[in-house]
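Survey of secondary and tertiary structure
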Amino acid sequence: MAKNLRERFSKAIDPYNAEFVASVREDDRLVPFDIQGSIAHAKMLAQQGLISHDERDAITHGLQKILAEWQAGKFTLDPAYEDVHMNVEHRLTQITPAGAKLHTARSRNDQVALDLRLWAAQECDAIIGAIRTLQDILGARAQQHEKVIMPGVTHLQHAQPIHVAHALLAWYDALARDASRFASCWERLNVSPLGACALAGTSLPIDPPFVARELSLAGAFSNSLDAVGDRDFCVELTVACALLMVHLSQMAEMLVLWSAPEFGYVELPDELCTSSSIMPQKKNPDMIELVRAKAGRVFGAVSELLATLKALPLGYNRDLQMTKGPMFAAADTSLGCLRAMSLAFEKLEVNVARLEQVSHNSQMLATDLAEYLVRKGVAFRSAHAAVGQIMRHCAERRQELARLSLKELRRFNPAFEKDALDLLDPRVSVARRNSPGGTGTDQVRKRLAGLRGAHGE
Ligand code: ARG
């Protein structure tokens, strides 16, 4: 089956072996990067006098032709040629005899390391762009609902009222860190391994920094064994995807809960929901549930990569080929889920009336009362105890905190005065929680004003 590189063998390759070692399915997306790297390599070979300028031009045109064929769906990778590198080289030699010189001072080992780095660099850009889109949508929705409040929860139990915008901006900040993880991952992978060859470099007079410059990479490798033998950047990219998916799955879970009838905080539009094959009334948030679930695949990719790389001997090992699938799956899944969450946050309807209604649970104002006492000079622990007794009193009588009279409050602590009653309003509570980074109205307004174009970096 394999149509080349078999001169040292006396037998043709076993068809099952040929299929087993081929990576053409994963490699298809690497075609443009492989060609980009080869064009830079040919330019360097010509500059170094290793091929003629005519040969360089013939190679370059041939590679551009292959790229156009690939873009038109006319160049498909044949498993008989194992991988993208052999497929491109084989096609190139059909186009020009100079193609036979392209592999001078190069190995598939440094080639694949380069292709993966170029692909990963582009992917970091794409994911950062998609994160920013979602951030912009969260920022716009926060702006739109700047005044709306909702119950803030801990342990999923009502805790303190907050601005809806504060919740949306919490995710905005988490996404800013995700974007910066991809950016720092990009910085480390932005290195050209071309010229490392199989493992040890070459006796031919090559110029790896020239190739790096041609490819707009920050520089060339400094150790040829490391350049071909490590895939830590694949893990870093996948880990960045995994943390992003942690965040997206958390947002997805909130949207699933908030759109359930018990909450009713938001409603997803019909076009983003799916129905049931038996229950005609159903409007299900399947798209969001799948974001929640797909996080699992990305976490699995991290484990798969770590397990593949662990304890590998120094130098290139074919095991490294297995880093492609999980990394590609992690990036594809992340991009797909970012798109889904952007659609959801862009199109969901916020049920302002419902949020207003549930925010008027005055039990959530207990901390405001305790802080009132602190302002009157009461030690926080005593204030906490006094308000705790008040809350027990309310619970036993099934009474709303906001319905207590000043007289009743003073039974628990004489420091309460008339102005304490003014605090028993969620809007007052939210407006006053103005410590830096808090949900206070001024804090949120300031944060919203600072967002424009900033993406939180
Ligand atoms: N297809 C391989 C990979 O993806 C590159 C080829 C290296 N093969 C070799 N025999 N050294 O890693």
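All values derive from a computational prediction rather than experimental measurement.

1. Observations regarding the nonpolar core
- Formed by 102 residues in total, the largest nonpolar core has its most connected members in Trp119, Leu134, Phe182, Leu248, Met341 and Phe345.
- Examining the composition of this core, we find that 16 residues originate from one element, helix H6 (residues 108–144), more than from any other.
- The residues contacting leucine 134, other than those within four sequence positions of it, are Leu175, Leu248, Met251, Leu338, Met341, Ser342 and Phe345.
- Residues Tyr372, Leu373, Ala386 and Leu404 belong to the second largest nonpolar core, which totals 22 residues.

2. Here we look at the pattern of salt bridges
- Throughout the structure, instances matching the rule amount to 25 salt bridges.
- One salt bridge in this structure joins arginine 318 and glutamate 82, with 3.0 Å as the shortest N-O distance. Placement of arginine 318 in the loop between helix H11 (286–309) and helix H12 (324–347) and of glutamate 82 in the loop between helix H4 (53–71) and helix H5 (84–95) is noted, with a sequence separation of 236 residues between them.
- Judged by relative accessible area, arginine 318 falls into the partly exposed class, the value being 34%.

3. Examining the pairing of strand S2 (residues 157–163)
- Note that strand S1 (residues 149–154) and S2 share six bridges and pair antiparallel. In the strand pairing of S2, isoleucine 149 is matched with histidine 163.

4. A short note on the environment of glycine 73
- Structurally, glycine 73 is set in the loop between H4 and H5.
- Judged by relative accessible area, glycine 73 falls into the exposed class, the value being 53%.
- Through-space distance from the C-alpha of glycine 73 to that of methionine 391 is 70 Å; in sequence the pair is 318 residues apart.

5. Digging into the site of the ligand
- Residues in close proximity to the ligand include Ser23, Asp83, Arg108, Asn109, Val112, Tyr316, Arg318, Gln321 and Lys324, which together make up its full environment.
- Between the ligand and aspartate 83, the relevant distance is 3.0 Å, taken from a nitrogen atom to a side-chain nitrogen or oxygen of the residue.
- Glutamine 321 has a polar side-chain atom sitting 2.9 Å from a nitrogen atom of the ligand.
- Contact with the protein chains covers 84% of the free accessible surface of the ligand, which is 340 Å².
- With three residues, the single largest contributor to the shell around the ligand is H6.

Rules used in this analysis
- Residues numbered from 1 in each chain as written.
- Predicted model: local features only at pLDDT ≥ 70, side-chain atom pairs only at ≥ 80, totals over all residues.
- Heavy atoms only, no water.
- Core = buried A, V, L, I, M, F, W, Y, C linked by side-chain atoms within 4.5 Å.
- Buried < 20%, exposed > 50% of the residue type's maximum accessible area, 1.4 Å probe, protein only.
- Helix = DSSP H or I, 4+ residues; strand = E, 2+ residues; numbered from the N terminus.
- Contact = heavy atoms within 4.5 Å.
- Salt bridge = Lys/Arg side-chain N within 4 Å of Asp/Glu carboxyl O.
- Pairing = 2+ DSSP bridges.
- Near = heavy atom within 4 Å.
- Polar contact = N/O pair within 3.5 Å; in protein donor to acceptor, adjacent residues only side chain to side chain.
- Areas by Shrake-Rupley, 256 points an atom, 1.4 Å probe, with all protein chains shown as cover.

The values reported here are purely geometric and, on their own, carry no functional implication.
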